[in-house]
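Report on the structure
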Amino acid sequence: MRLILLGPPGAGKGTQAKLISKKYSIPQVSTGDILRMAVAEKTQLGIKAKSFMDKGLLVPDDVVIGIIENRLKDDDSKRGYILDGFPRTTAQADALSKNLKKMGAEIDHVIDIEVEYNELLKRLTGRRTCRKCNEGFHILFNPPKKEWICDKCGGELYQRDDDREETILKRFKVYQEQSAQLKDYYGKNGRFFSIKGTGGVKGVFDRIISILEYDNS
Ligand code: AMP
């Protein structure tokens, strides 16, 4: 199964991708995670990407397209994957489509998760992530037992630099200007679905599963 999750920052794409990945044993492919790892390792890619990410801007298309093309060649992608945070521009979507054609593959479902700005702001400012195992927490909705410590592995929790209020507004604007049109791009295709991203993690997951299990278009 090849799935694309669309939606603004904070819609819950990463959270849902992890659950879907577990249920169907296919990898979550997150360009944001790949870039953050490169930033942490201070690779050439990471140094270049950081200047864009810290400002809430998109990393240039050619860079992320290259990352995805390499990642989708990995063995674990053969049975499918969940794209989380890619594509984010129509140029990325076109490149993905060309790449898939070359590989004789296609996207099975595109699911757009809708959440309003005020809710996104609340979600993003409270988000915490484990440096070691990447587990996600939220200070209001899913707090760790001990502040700044991961329940799962004991690693240190951190707040993403781009989850500060001033950067969130910029990221949301960038989403509206450069990514929201992907809904029209994929909306012309029968495999596009828009769902509400509210009502709890389990509620959203159930909506996604009903699409994945019952959509045979
Ligand atoms: P995310 O974790 O998906 O919210 O991504 C965090 C940041 O990484 C974004 O604000 C961008 O700066 C960068 N990024 C992630 N995915 C992409 C993409 N597909 N295109 C451009 N920049 C991206």
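Details of the structure are given in the entry above.
1. Structural notes on the overall build of the protein chain
Within the protein chain one finds nine helices and eight strands. Taking 2.2 N^0.38 as the reference for a compact globule, 217 residues should give roughly 17 Å; the C-alpha atoms of the protein chain span a radius of gyration of 17 Å, in line with that estimate. Burial status across the protein chain gives 47% buried among its 217 residues. Relative to all contacts within the protein chain whose residues are 6 or more apart in sequence, the contacts with residues 24 or more apart total 68%. Accessible surface, the protein chain as shown: approximately 11600 Å² in total, 52% of it carbon and sulfur. With 38 positive and 31 negative side-chain charges, the protein chain shows a separation of 2 Å between the mean positions of the two kinds.

2. Some thoughts on the sheet that holds strand S7 (residues 157-158)
What the three strands build is an open sheet, ordered S6-S5-S7; its pairing is antiparallel. Sheet topology places strand S6 (136-138) and S7 at the edges, where each strand pairs with a single neighbour. Sheet topology places strand S5 (residues 127-130) next to S6; three bridges connect them, and they run antiparallel. Across the sheet, Thr129 pairs through a bridge with Gly136, a residue of S6.

3. Concerning the site of the ligand
Close contacts around the ligand come from 16 residues, with Thr31, Arg36, Leu57, Gly85 and Gln92 the closest. Residue Thr31 places a side-chain N or O atom 2.8 Å away from a nitrogen atom belonging to the ligand. Arg171 places a side-chain nitrogen or oxygen 3.4 Å from an oxygen atom of the ligand. It is helix H2 (residues 31-40) that provides the largest number of residues to the shell around the ligand, a total of four residues. Considering only residue class, the shell around the ligand consists of seven nonpolar, four polar and five charged.

4. Comments concerning the layout of surface pockets
Vacant regions in the atomic arrangement are exposed by a probe of water-molecule size rolled over the atoms. In this structure, the second largest pocket spans a volume of roughly 530 Å³. What lines the second largest pocket is a set of 17 residues, and nearest its centre among them are Arg36, Met37, Ala40, Arg131 and Tyr158. Here the residues of the lining of the second largest pocket are counted per class, giving six nonpolar, two polar and nine charged.

5. Quick word on the sheet that holds strand S4 (residues 109-114)
The strand order S2-S3-S1-S4-S8 describes an open sheet built from five strands, whose pairing is parallel. Since the sheet does not close on itself, it has two edges, and those belong to strand S2 (28-30) and strand S8 (192-196), each with one partner. Direction aside, the axes of adjacent strands within the sheet are offset by 25° on average. In this sheet, S4 lies alongside strand S1 (residues 2-6) in parallel orientation, the contact comprising four bridges. Looking at the pairing, Leu3 lines up with His109 of S4.

6. Some details on unusual backbone geometry
Across the junction of Phe86 and Pro87, the peptide omega takes the value -5°, indicating a cis bond. Relative to the elements of secondary structure, Pro87 occurs in the loop between strand S3 (81-84) and helix H5 (90-103). Here Lys42, not a glycine, exhibits a phi torsion of approximately 55°, which is positive. In this fold, Lys42 is placed in the loop between H2 and helix H3 (44-54).

7. Observations concerning a nonpolar patch on the surface
Together, Ile139, Leu140 and Phe141 give the surface a local cluster of nonpolar side chains, amounting to about 310 Å² of exposed area. Relative to the helices and strands, Ile139 is located in the loop between S6 and S7.

8. Description of the environment of Gly190
Within the secondary structure, Gly190 sits in the loop between helix H8 (182-187) and S8. Between the alpha carbons of Gly190 and Trp148 there is a distance of 43 Å; along the sequence they are 42 residues apart.

9. Comments concerning the packing of helix H6 (residues 117-125) against helix H7 (residues 165-179)
Where H6 contacts H7, the two axes come as close as 10 Å, and the packing angle between them is 135°. Judged by the inter-axis angle, H6 sits oblique to H7. As for the relative orientation of H6 and H7, their crossing is right-handed in sense. Here H6 contributes Tyr117, Leu120, Leu121, Leu124 and Thr125 to the contact with H7, which in turn contributes Glu165, Ile168, Leu169, Arg171 and Phe172. Of the residues that constitute the contact of H6 with H7, the class distribution is seven nonpolar, one polar and two charged.

Reading guide: rules and limits
Residues numbered from 1 in each chain as written. Predicted model: local features only at pLDDT ≥ 70, side-chain atom pairs only at ≥ 80, totals over all residues. Heavy atoms only, no water. Helix = DSSP H or I, 4+ residues; strand = E, 2+ residues; numbered from the N terminus. Rg over C-alpha atoms; globule rule 2.2 N^0.38 Å. Buried < 20%, exposed > 50% of the residue type's maximum accessible area, 1.4 Å probe, protein only. Contact = heavy atoms within 4.5 Å. Areas by Shrake-Rupley, 256 points an atom, 1.4 Å probe, with all protein chains shown as cover. Lys, Arg positive; Asp, Glu negative; His and termini not counted. Charge placed at Lys NZ, Arg CZ, Asp CG, Glu CD. Pairing = 2+ DSSP bridges. Near = heavy atom within 4 Å. Polar contact = N/O pair within 3.5 Å; in protein donor to acceptor, adjacent residues only side chain to side chain. Nonpolar A, V, L, I, M, F, W, Y, C, P; charged D, E, K, R; others polar. 1 Å grid on protein atoms, 1.4 Å probe; cavity = no way out; pocket = protein on both sides within 12 Å on 5 of 7 lines; lining within 4 Å. Points joined across faces, edges and corners; volume = space filled by probe spheres on them. Axes fitted to C-alpha atoms, helices over the stretch in contact; angles between N-to-C directions. Patch = residues over 30% accessible without salt bridge, like charges linked within 9 Å, V, L, I, M, F, W, Y side chains within 5 Å. Salt bridge = Lys/Arg side-chain N within 4 Å of Asp/Glu carboxyl O. Parallel < 35°, antiparallel > 145°, perpendicular 65-115°, else oblique. Left-handed = near helix turned anticlockwise from the far one by under 90°.

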